[in-house]
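Secondary and tertiary structure notes
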Amino acid sequence: MKTFFLTALLLITVTVFAQDKPLSLDESGKLIFYEVVDLKTVPRDSLRQRLDIFLKAEGKALKVKSKASDSILQAAGKTIIRKTALVLSRPSGEVLYNFYAELRAGKYRFWLTDFNFIPYERDRYGNFIPATSIGVPLERKPGKLNAGEWDAYVKATTKDVNAFAARFKTAMQQSSPLQPVLKAVPVISTKKW
Amino acid sequence: MKLKSALTIAALSLASVSYAQEAAKVAPLEISGSVDTYFKYDFAKVPNIATSFASDQNSISIGMIDLALKKTTGKASFVGELSFGPRGQAGSLVPQGAESFHIQNLYASYAFTDKFSMTAGFMGTFIGYEVISPVANFNYSTSYLFSAGPFQNAGIKGSYAFTDKVSLMVGLFDDWNVYTDVNGVSHIGAQLTVSPVEGWTAYLNVLSGKSAGAVGVGTIMDLTTSYQVTEKVKIGLNAADYTIGNSGGGYSGAALYLQNAFSPAVSLGVRGEYFSTKDKVNGAANLNVVPGESVTAVTLSANIKSGGLTFIPEVRFDNGSADMFAKSNLLPTKSASQFSLALVYAF
């Protein structure tokens, strides 16, 4: 019994504190999140349809830049890095990235790369806005003075990229467009009592 | 017993994580701010250069503690920003009574569409390059154009974005730097924002109206622009002209900003400025620059950052067209110089 509870506790802990898949370095030294996914029974046209639905669902968060070829799609995205403490939060900056997806019959691959950090500054109206228009590549070492902050930016980006990848893979597994789930609102009948 | 405790802790952890995930879906209350402190030394050993805020001579002095709250709920949002300390109080607003604080921003906004929004309240001015908060300025001492122009405007304004590159703001405003306008809502202002290329933004500003007690209508025309040339190099420009009708004086000037980031932690920047006052007969002296005279100022600053902290060593040289500064023996002179060390922490 004791062993059972200990095992359960261990599983719970592992689940809750599961590590995100870290960003890797590609051949050119850039940080990259790369995955190949097999969907053996799904034809390429269906994958293309699911990809379009995903892009539409992401809305303004993901802007399609170009279709480098018929099979590779490129889109630009960004994630906001926030400093959070309890219910308080403020944005520190944003990380811009490029998202690529390539489809083939029965499988697809996708990768996120070109991560550039743009710090935010507070403007005269108390709003946080980008301090510059040209970002710093996330793989660049910032030096000792800002190493701690930079590590936090990389961790936050890794977390958001993993969440994005999970959303994308879920969307690519859907055989039909996701329908919003309508919750049944409980109604109390006053006629029967 | 130990097992029971462990399970309880695990359950609590799970609950906390779940709660955090729910909370993240709601736009959180944003809290931010800054504190700043400085040491300034004028080489004539007397306070000379009429820069805003950092005015104490040979003293380790405080700027302000600044606290800002922002909340967005759907299309509505508010900003409330309050500062305590010399920089936020008498340094930027005529003291009204015995208050020990100063409101930097207090306004509410509503975005009717993605392109059109309206804002009302007390806001940082839309005129000029530099601002009151030391966090958004590269140089710690402020320019003549900043000190001579408005700091804040209470009013109501509407902003419309024609495209991603062009937008227009038009508004009705009170007199400069007051919570209450005793002669009614007396000013009209507008700002045309243009972003011709990536990294380059230009603001064309105008604010016109008759302030309480003024001899004529005052109109300020202002161009503020900045261009991020490369990852390291940034150029900024501020040019302004202010004229008060009925020979009431005014000023004009321009300031050029050049900054180079040697690394994410270390930047160096120089500000060169020309400032002149108008109307030799009726105009009033502005920042020690007597009517009809001018001053040229060069300020060299470094920004050394570590986390939220920025260390700003700075040296500044001002040279007037006439005697407008004092030597150490208090005799008048045309030039003045100072250095300062400032610490600014933003959170």
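About the thresholds
Residues numbered from 1 in each chain as written. Chains lettered and ligands numbered in written order. Predicted model: local features only at pLDDT ≥ 70, side-chain atom pairs only at ≥ 80, totals over all residues. Helix = DSSP H or I, 4+ residues; strand = E, 2+ residues; numbered from the N terminus. Buried ≥ 20, exposed ≤ 12 C-beta atoms within 10 Å, placed from the backbone. Contact = placed C-beta atoms within 7 Å. pLDDT = per-residue confidence, 0-100. Pairing = 2+ DSSP bridges. Core = buried A, V, L, I, M, F, W, Y, C linked by C-beta atoms within 7 Å. Expected span 1.5 Å × (residues − 1). Axes fitted to C-alpha atoms, helices over the stretch in contact; angles between N-to-C directions. Parallel < 35°, antiparallel > 145°, perpendicular 65-115°, else oblique. Left-handed = near helix turned anticlockwise from the far one by under 90°. Nonpolar A, V, L, I, M, F, W, Y, C, P; charged D, E, K, R; others polar.

1. Topic: the overall build of chain B
A count of helical and extended segments in chain B gives two helices and 18 strands. Split into buried and exposed, the 347 residues of chain B put 37% on the buried side. For chain B, long-range pairs separated by at least 24 residues make up 52% of all intrachain contacts whose partners lie at least 6 apart in sequence.

2. Details of the overall build of chain A
The helix and strand inventory of chain A stands at three helices and eight strands. What you see in chain A, going N to C, is helices and strands ordered as α-β-β-α-β-β-β-β-β-β-α. The buried share of chain A, taken over its 193 residues, is 22%. If you take every contact in chain A between residues at least 6 apart in sequence, the share linking residues at least 24 apart comes to 50%.

3. Considering the confidence of the model for chain B
Residue and element names in this part refer to chain B. Averaged over all residues, the pLDDT of chain B equals 88, while 87% of them reach at least 70. Predicted confidence for residues 9-25 stays below pLDDT 50, and this span has eight contacts to residues more than four positions away or in other chains. This prediction of the complex comes with two scores: 0.83 for pTM and 0.82 for ipTM.

4. Focus on the confidence of the model for chain A
Taken over all residues, the pLDDT of chain A has a mean of 83, while the share at 70 or more is 82%. Ranking the helices and strands of chain A by mean pLDDT puts strand S2 (residues 31-38) of chain A first, with 94, and helix H1 (residues 2-16) of chain A last, with 54.

5. A few points about unusual backbone geometry
Residues and elements named next belong to chain B. Even without a glycine there, the phi angle at Asn58 is positive, about 50°. Looking at the element boundaries, Asn58 is found in the loop between strand S1 (29-42) and strand S2 (59-73). Of note in the backbone geometry, Asn177 takes a positive phi value of approximately 60° without being a glycine. Note on Asn177: 17 C-beta atoms within 10 Å, which makes it partly exposed.

6. Structural notes on the pairing of strand S13 (residues 266-277) of chain B
Residues and elements named next belong to chain B. Judged from the 11 bridges that link them, strand S12 (residues 249-261) and S13 form a sheet pairing that is antiparallel. Counterpart to Asn260 in the pairing with S13 is Leu268. Following S12, the chain reverses through four residues before pairing antiparallel with S13.

7. Description of the nonpolar core
Nonpolar side chains in soluble globular proteins tend to end up buried together. Judged by nonpolar contacts, the single largest core of 33 residues is most densely connected at Tyr144(B), Leu145(B), Ile220(B), Phe275(B) and Val295(B). Residue assignment for this core shows that the elements contributing at least two residues are strand S5 (116-124), helix H2 (144-148), strand S11 (233-244), S12 and strand S14 (294-306) of chain B. For this core, the element with the most residues is H2(B), which contributes four residues. Those residues in contact with Ile220(B), other than ones at most four positions away along the chain, are Ile127(B), Gly149(B), Leu207(B), Ala240(B) and Tyr242(B). Ranked by size, the runner-up nonpolar core spans 27 residues in total, among them Phe99(A), Phe117(A), Leu138(A) and Met172(A).

8. Focus: the environment of Asn329(B)
Residue and element names in this part refer to chain B. Locating Asn329 in the fold gives a position in the loop between strand S16 (325-326) and strand S17 (332-333). Taking the C-beta count within 10 Å as the criterion, Asn329 has 9 such neighbours and is therefore assigned exposed. A C-alpha to C-alpha distance of 8.2 Å links Asn329 and Ala44, two positions 285 residues apart in sequence.

9. Overview of the environment of Ile49(B)
Residue and element names in this part refer to chain B. Looking at the secondary structure, you find Ile49 in the loop between S1 and S2. A C-alpha to C-alpha distance of 7.4 Å links Ile49 and Phe325, two positions 276 residues apart in sequence. Setting aside anything within four residues of it in sequence, one finds Ile49 in contact with Arg316, Asp318, Ala336 and Gln338.

10. Brief notes about helix H3 (residues 147-173) of chain A
Residue and element names in this part refer to chain A. Between the first and last C-alpha of H3 there are 39 Å, a value that for 27 residues agrees with the 39 Å anticipated at 1.5 Å per step. Residues Glu149, Tyr153, Thr157, Val161, Phe164, Ala165, Phe168 and Met172 constitute the buried set of H3. On its buried face, H3 sits against S2, helix H2 (44-58), strand S4 (72-85), strand S5 (88-104) and strand S6 (107-122).

11. Observations regarding the packing of H2(A) against H3(A)
Residues and elements named next belong to chain A. At a minimum axis distance of 8 Å, the contact between H2 and H3 shows a crossing angle of 135°. Accordingly, the angle class assigned to the pair H2 and H3 is oblique. Crossing hand, H2 versus H3: right-handed. On H3, the residues that touch Leu47, Arg50, Ile53, Phe54 and Ala57 of H2 are Phe168, Ala171 and Met172. Residues belonging to the contact of H2 with H3 are distributed by class as follows: seven nonpolar, no polar and one charged.

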